[in-house]
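Below, each chain spelled out in residue letters.
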Amino acid sequence: MIKFNIPPYVDGEEKYVNEAIASQKICGDGRFTKECQKMLEEHFHSSKIKLTTSGTTALEAACVLGDFGPGDEVILPSFTFSSTATAIVSTGATPVFVDIRPDTMNIDEEKIEAAITDKTKGIIAVHYAGVGCNMERICEIAKKHNLFLIEDAAQVVNSLYHGKYLGTFGDVGCYSFHETKNYSMGEGGAVSINNPSLSDRIDIIREKGTNRTLFINGQVDKYTWVDKGSSYLPSDILAAYLYPQLLIMDEMRDNRVATFDLYYELLTPLKEAGKIDLPTIPENCVHNGHMFYIKCKDINERKNLQTFLREHEIESTFHYIPLHSAPAGKKFGRFVGEDKYTTKESERLLRLPMYYRLAKEDVVKVCETIKEFYK
Ligand SMILES: *Cc1c(COP(=O)(O)O)cnc(C)c1O
């Protein structure tokens, strides 16, 4: 069976996990957490990155920093993971969904302004499949309307837009280190704090609403409850698992991008024959090979292809049911504008096996099998 995903694993996870255990400091903010944060800050040119327990809790912390609350509206694409919306809903604010662009499956930046009302407080830009949204335009809109901008950068760890690392454009960028992501600690995430005025507050929110970090740093003389918060600190054992992967961050990206390029090359004849569509990487984007998807004619053809691949021992998966058509999306949110592409394009999309060190022969086999299906 060619698996859809195998969690990232490089040499050294056991060694560092054992070191973390031996240090007898296995709660949050230990040696490996600090090392990982420092490496991420330096690599992405971010002034502050803090590990969290997941990409989901990174988004929750970002929504607290945005001061979202009841009566506020936050704009996001409908084609995304539930976490983007649950983070908004957990503050009492309303998610307002807009359509995506068919080429990148990212939010259509030109549909955002039509969804802005007096109540709009923020935007969450979701970068799909390792490829950045049009951040030039989205940053301009956020600035013009004074909106808090969050990047759901779960899938774009180590991707760039116009030479700048994704996750460092918005007020806050949110990364995921789930086992299905490019770099992993099983369950985990991080926030990049790009607006310096939020720098002290993230420490408080992340430390259960207390000023413990300021106290440790000697900036206040009492340690007490001062704000909203939760426990967003992952165990240092998990950070130790992530650590060796960050040491070879670019090599891991290059490996996935080579897999992406091979898929693209081998499937181009089917695209040219008009049978399938392939992903678009805009010129100004450097992607991280997070995902390789194809687009079939429609949902039925996709179903048949997926069955055919399974019969040939190849796993493939589709992706999100658009949130505005999901039960909770109907209950908590609303869609603004026309659903021109969200539903149609999501029904055509099929994700192929993709992980660090996926064997070339396996990529060839997947492509040959798809070609056989379309014969
Ligand atoms: C994976 C993912 C998340 C959630 O991250 P977790 O670490 O699994 O909580 C959020 N948004 C997007 C777009 C994702 O792909």
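Residues numbered from 1 in each chain as written. Predicted model: local features only at pLDDT ≥ 70, side-chain atom pairs only at ≥ 80, totals over all residues. Heavy atoms only, no water.

Caption draft 1: Region of interest: the layout of surface pockets. Roughly 510 Å³ of internal volume is contained in the largest pocket. Forming the walls of the largest pocket are 29 residues, and the residues nearest its centre are Phe-81, Gln-155, His-178, Thr-180 and Lys-181. For the lining of the largest pocket, the elements supplying multiple residues, two or more each, are helix 3 (55–65), helix 4 (82–89) and strand 8 (172–176). Top element by residues in the lining of the largest pocket is helix 3. It accounts for three residues. For the lining of the largest pocket, the class distribution of residues is nine nonpolar, 15 polar and five charged. Approximately 260 Å³ is the volume attributed to the second largest pocket. Forming the walls of the second largest pocket are 14 residues, and the residues nearest its centre are Asp-29, Lys-34, Glu-207, Arg-212 and Ile-216. Where the lining of the second largest pocket is concerned, the elements lending two or more residues are helix 2 (31–44) and helix 7 (212–216). Sort the elements by how many residues they give to the lining of the second largest pocket and helix 7 lands first, with three residues. (1 Å grid on protein atoms, 1.4 Å probe; cavity = no way out; pocket = protein on both sides within 12 Å on 5 of 7 lines; lining within 4 Å. Points joined across faces, edges and corners; volume = space filled by probe spheres on them. Helix = DSSP H or I, 4+ residues; strand = E, 2+ residues; numbered from the N terminus. Nonpolar A, V, L, I, M, F, W, Y, C, P; charged D, E, K, R; others polar.)

Caption draft 2: Representation of the sheet that holds strand 4 (residues 120–126) within the structure. Strand order in the open sheet made by the eight strands is 1-9-8-5-4-2-3-12, with mixed pairing throughout. Here the strands that pair on one side only, and so sit at the sheet edges, are strand 1 (49–52) and strand 12 (334–335). Each of strand 1 and strand 8 touches helix 2; the most contacted strand, strand 1, lies at about 135 degrees to it. (Pairing = 2+ DSSP bridges. Contact = heavy atoms within 4.5 Å. Axes fitted to C-alpha atoms, helices over the stretch in contact; angles between N-to-C directions.)

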